[in-house]
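Reading the structure
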Amino acid sequence: MKILITNIKELLQIREAAIDKVSGADMAVLPKIDNAYLLIENNLIADFGTMEDCPDISTGQVIDATGKTVLPSWVDSHTHIVYAGNRIQEFADRINGLSYEEIANRGGGILNSAKKLNETPEEEIYNQSKLRLEEIMQQGTGAVEIKSGYGLTVEGELKMLRVIKKLAENYPVKIKATFLGAHAFPMQYKENHAAYLDVIINEMLPKIAEEKLADYIDAFLETGYFSVEETERIMAAGKQYGLISKIHVNQFTAINGIEACVKHGALSVDHLEIVTDEDIEVLKNSDTMPVALPSCSYFISIPYTPARKMISAGLPLALATDFNPGTTPSGNMNFVVATACIKMKMTPEEAINAATINGAYAMGISATHGSITKGKHANLIITKPLASYYQLPYAFGSNLIDQVIIEGQLLY
Ligand SMILES: N=CN[C@@H](CCC(=O)O)C(=O)O
Ligand SMILES: [Zn+2]
């Protein structure tokens, strides 16, 4: 099946030669073709160029994109979209003055979601989660990483990962699964961390590996959650089963966690609301992708990742949503891109690079996703008519997406 998109006003993020990520000053460069066409064949990007060279196709579908922008679909490399129920009461509690930490200390937060998850049947969790997946696909996300971490029991974690597997089987969107058993200590292990690490390493991990349910491993490396040493044990154990780490770190405090993550070859370090000069130095000499989650900063009123400082130091940066019931009940990558421009002072070019090719790197899929490159998967956003692509972050509250193509399939 062929799809030919013609008269594209601006075709963004074209990369003739495949690249895996962009860093530092290169993040400000977003190559594009004006008045372009793009040809899809067998769900892959077969060709693209200026309209002067546009081929005729005798079979297939032609989409006229006059006035519209076409770009790679968003790659959301950090989400928790599989969960049960909601945390609306905690939202109200925060408005009334409680902090995220105070709510967690009262048994709310992650443990609240874990209780709900363990009480809810797998099919019901699937039905709730698929609505969130459908929503983000319509908002232009073509690839998404989904974490476990609301089970915190062997059965609960397996249940979440099975739901993620079923979503991956039933939807065209590219999904990677991350095991996050080390998301919080269940109440009964608060005073016995070693015993819960034993459950993660010796009970959960072997079963997850046996059923091939996870691609990556994660931990919440944070004061009051998992220490540097505990996270190092998790990363090392994951590696034994072929799971590279992607770690929650530096959300509230900087405790030299990034250095440990880099030492263990983490694919990404995520959150980074608090970043020290030493953290930046460590990241400079690594292949680890820093990932910022601006909707989380927005929703719980914590600092934004210091993007300007990091990019000026020559680092790459990826953007993701963190879609979860507690700190970010939104999976809208359009809002993330806009907020990165508005609050983190990233340019539109930097933000789009961060939400496409660098997101793909943070998911381990930049060989196949994240740019307009011949042979890559046809995951595309076709916008409504725009004055220029700057309108995407500028009109931050508008839905500017007209059509979405995921793995060669036109969604609507
Ligand atoms: N910080 C740790 N985990 C999630 C929040 C989880 C929750 O509150 O449910 C996050 O990335 O923000
Ligand atoms: Zn998260």
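Once a new chain begins, its residue numbering starts again from 1 and follows that chain's sequence as written. Lettering of chains starts at A and numbering of ligands starts at 1, both following the order in which they are written. pLDDT decides what is reported in this predicted model: residues at 70 or higher carry local features, side-chain atom pairs at 80 or more are listed and counted, and totals for whole chains, interfaces and linings draw on all residues regardless. Side-chain descriptors were evaluated using all non-hydrogen atoms of the structure, hydrogens and water having been removed beforehand.

The next point concerns the UniProt feature "binding site: N-formimidoyl-L-glutamate" (unreviewed entry) in the protein chain. Under the feature "binding site: N-formimidoyl-L-glutamate" (unreviewed entry), the UniProt entry names Tyr150, Asn324 and Gly326. In three dimensions, the annotated residues from a span of 177 residues occupy one location, with a maximal C-alpha spread of 11.2 Å. Structurally, tyrosine 150 is set in the loop between strand E7 (141-147) and helix H5 (154-170). The classification of residues rests on relative accessible area computed with a 1.4 Å probe and restricted to protein chains. Under 20% of the type maximum is buried, over 50% is exposed, and intermediate values are partly exposed. Relative accessible area serves as the criterion here: at 2%, tyrosine 150 is assigned to the buried category. Along the chain, the position of glycine 326 falls in the loop between strand E13 (318-319) and helix H12 (333-344). UniProt positions are given in the numbering used here, feature names are shortened, and annotations may be inferred rather than shown by experiment. By definition, any uninterrupted DSSP run of H or I lasting at least four residues is a helix, any uninterrupted run of E lasting at least two residues is a strand, and each is numbered from the N terminus.

What goes into a patch is any residue over 30% in relative accessible area without a salt bridge, connected to like charges within 9 Å or, for nonpolar side chains (Val, Leu, Ile, Met, Phe, Trp, Tyr), within 5 Å. Using the Shrake-Rupley algorithm and a 1.4 Å probe, accessible areas are obtained, with residue cover drawn only from the displayed protein chains. Salt bridge criterion: a side-chain nitrogen from Lys or Arg within 4 Å of a carboxyl oxygen from Asp or Glu. Judged by side-chain polarity, Ile88, Phe91 and Ile95 come together as a nonpolar surface patch covering roughly 320 Å² of accessible area. Examined against the element boundaries, phenylalanine 91 turns out to sit in helix H1 (residues 88-95). Here phenylalanine 91 falls in the partly exposed class, since its relative accessible area comes to 38%.

The residues that UniProt annotates with the feature "binding site: Zn(2+)" (unreviewed entry) are His78, His80, His248 and Asp322. The named residues occupy 245 residues along the chain; their greatest pairwise C-alpha distance, 12.1 Å, places them in one compact cluster. The residue histidine 80 is located in the loop between strand E6 (74-76) and H1 in this model. Assessed through its relative accessible area of 1%, histidine 80 is described here as buried. Ignoring any residue separated from it by four or fewer positions in sequence, one finds histidine 80 in contact with Lys147, Ser148, Tyr150, Leu180, His183, His248, Asp322, Phe323, Asn324 and Pro325. Polar contact is the term for a pair of N or O atoms within 3.5 Å; when the atoms are in protein, one must be able to donate a hydrogen and the other to accept it, and sequence-neighboring residues count only if both atoms are side-chain atoms. Here the side chain of histidine 80 touches histidine 78 through a polar contact of 3.3 Å, side chain to side chain. With near-sequence residues (within four places) excluded, aspartate 322 lies in contact with Asp76, His78, Thr79, His80, His248, His271, Leu293, Cys296, Thr327 and Thr328. Any two residues having at least one pair of non-hydrogen atoms within 4.5 Å are treated as being in contact.

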